[in-house]
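Reading the structure
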Amino acid sequence: MRFIVDEGRLILEALAKTNDRTAKPISHIDVTSSIPLHPEFPCSPELLSFLEGKQLLLEELPFPLDLIQAHYEHGYLAYEKGMMKTKHGWRCIRCGNEENHFFASFPCARCQAVCTYCRKCIMMGRVSACTPLVVSRFSFPQACYFSPLSWNGILSQGQQRAADAVEDAIVRNDELLVWAVCGAGKTEVLFPGIARALEMGKRVCIATPRTDVVRELAPRLKQAFPGVPLIALYGGSDDRGKFASFVISTTHQLLRFYRAFDVMVIDEVDAFPYSMEPMLEYAVAKARKETSSLIYLTATPHPKWQKEIKRGKRKAVTIPARYHGFPLPVPSFEWCGNWRKQLKRSRLPRNVITWVKLRIETAKQAFLFVPHIDELEQVVRILKQLDERIEGVHAEDPKRAEKVQAFRDGRIPLLVTTTILERGVTVPNIDVAVLGAEDRIFTESALVQIAGRVGRSAQFPSGDIRFFHYGKTREMVAAKRQIERMNKEASERGMLKTQ
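Residues numbered from 1 in each chain as written. Predicted model: local features only at pLDDT ≥ 70, side-chain atom pairs only at ≥ 80, totals over all residues. Heavy atoms only, no water.

1. Re the packing of aromatic side chains
Counting across every chain of the model gives 19 aromatic pairs. Note on Trp335 and Tyr470: the rings are 6.3 Å apart at their centroids and 45 degrees apart in plane angle, and the pair reads as tilted. Within this pair, whereas Trp335 is found in strand E18 (residues 332-335), its partner Tyr470 is found in the loop between strand E23 (465-469) and helix H13 (474-492), the two being separated by 135 residues in sequence. Given the relative accessible area of 55%, Trp335 is considered exposed. Residue classification places Tyr470 among the partly exposed residues on the basis of a relative accessible area of 42%. An aromatic cluster of at least three residues, connected via ring pairs, comprises Phe41, Tyr76, Phe138 and Phe140. Directly above the aromatic system of Phe102 lies the positively charged group of Lys120, at a separation of 4.8 Å from the ring centroid. The aromatic ring of Trp305 is capped on one face by Arg314, whose charged end is 3.8 Å from the ring centroid. (Phe/Tyr/Trp six-rings, centres within 6.5 Å; stacked < 30°, edge-to-face > 60°. Helix = DSSP H or I, 4+ residues; strand = E, 2+ residues; numbered from the N terminus. Buried < 20%, exposed > 50% of the residue type's maximum accessible area, 1.4 Å probe, protein only. Lys NZ or Arg CZ within 6 Å of the ring centre and 35° of its normal.)

2. Describing the sheet that holds strand E1 (residues 2-6)
In space, the three strands of this open sheet follow the order E2-E1-E3, with antiparallel pairing throughout. In the strand order of this sheet, the two ends are held by strand E2 (9-12) and strand E3 (24-25), each with one partner. Two strands pair when backbone bridges link them, and E1 and E3 are joined in this way by two bridges, in the antiparallel orientation. Residue Arg2 lies in a different strand from E3, and its bridge partner there is Pro25. (Pairing = 2+ DSSP bridges.)

3. A short note on unusual backbone geometry
One non-glycine residue, Asn173, lies in the positive phi region at around 60 degrees. Turning to its location among the elements, Asn173 is positioned in the loop between helix H3 (157-172) and strand E11 (175-180). Of the residues examined, Asn173 reaches a relative accessible area of 26% and is grouped as partly exposed. The backbone of Ala363 shows a phi angle near 55 degrees, a positive value even though the residue is not glycine. Relative to the elements of secondary structure, Ala363 occurs in the loop between helix H9 (350-361) and strand E19 (365-369). Classification of Ala363 as exposed rests on a relative accessible area of 69%.

Encoded structure:
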């Protein structure tokens with residue numbers, strides 16, 4: 001895509017009446033003057049609504065080029081560079097990438113030259129040196145909702161304290177970390193603050209790294225806020241292209257937003273890929289308004305954040321107890337020898353087999369976590385000799401959703417899994433074991449989350465968590481200490497039920 005510069009204004013080459021040899025890619029143009037808004041212009045509410053709070057590729061706009069150009073010329077939208085030349089190479093404006101190995105070149109038919117593009121965010125559509133990003137310069141008045149919350153639940157003592165802190169951060173446009181143990185009910189903690197934000201006419205976004213969490217939370221949030229338009233955004237979502245006062249989205253989808261939200265909530269901030277991908281942190285920063293609140297939710301903050309909280313350098317509120325008031329089950333360590341060597345001989349350690357047999361005999365459902373897919377497949381083959389109903393699941397498994405649902409329904413007695421199920425799946429009455437807990441993939445965070453699968457129900461608040469290992473690691477010890485520390489804090493604050 002090339003532009004012609006006419007008295008400081010950009011004209012799409014495709015709309016020029018004659019061929020102009022001065023047409024250039026937008027990345028080569030220095031003048032991008034701001035055009036005053038013309039209130040008398042008969043603007044398109046459909047176009048402006050589609051674009052509001054977003055930063056989109058021209059081809060993502062389902063509107064005629066001449067209509068888009070007219071809105072630009074009357075100050076309602078702006079063309080911005082998709083890529084910018086720097087001293088060291090290029091910078092992608094959409095995703096913030098400046099790493100040279102994530103850029104590549106191709107012969108571009110649109111600008112009739114060899115064009116550089118960003119590979120880092122290619123899954124969202126290609127941004128190249130000749131790609132304009134289109135942003136709105138007009139905002140519709142934001143609706144205020146009177147008493148939008150329709151939820152009759154009662155918050156626990158810990159939840160109420162955190163909910164008050166969240167609401168205060170939203171009103172003050174502050175940053176806050178909510179450190180809530182697995183099963184504390186952190187979604188409900190957000191309800192009063194979100195209600196206050198919607199009453200104040202603020203736009204709210206809950207962002208999470210995983211699509212399945214978006215799908216799970218969307219119906220719960222719609223039920224809690226029935227009178228508020230809510231959209232759920234993820235790859236393939238029917239709501240893509242829409243905008244509403246209340247949005248739940250994967251963090252990747254935030255790359256399309258720009259200065260859109262007054263309240264940004266990041267759920268599972270420690271989870272992959274958000275915890276490992278600076279691009280997603282950039283997307284969050286870009287999607288927030290300059291004056292806005294930022295709420296982080298996690299059960300397992302990064303050790304660096306834990307130190308900052310301890311030193312008072314990061315504002316945080318903790319919920320050290322689950323909503324039902326019972327203590328967190330604490331994992332036990334059990335040496336199982338060189339289990340990988342035994343696995344090569346199509347065997348499992350005797351104590352692991354004993355643990356599995358007991359769960360089958362007592363009809364107690366269980367997860368067995370293993371480090372890697374190849375080991376998972378071997379373990380499943382061995383355990384099927386004990387019970388044909390035992391299955392395994394991993395991220396690439398095409399039947400993953402069906403197997404998880406079968407486990408929820410009680411049709412699978414024991415599910416062997418990788419860390420893909422360390423979060424998000426809640427079954428009322430289960431035990432959990434980890435085979436090879438010493439493996440590097442089982443970080444402190446992962447092990448705390450795995451342990452957090454047990455005892456989440458008020459009817460079944462306890463259960464067995466066993467870390468089978470071939471040598472204790474610092475991560476194992478740190479995970480156990482974190483759980484014990486939360487139980488101690490909950491006890492000292494009088495948040496645990498007396499047995």
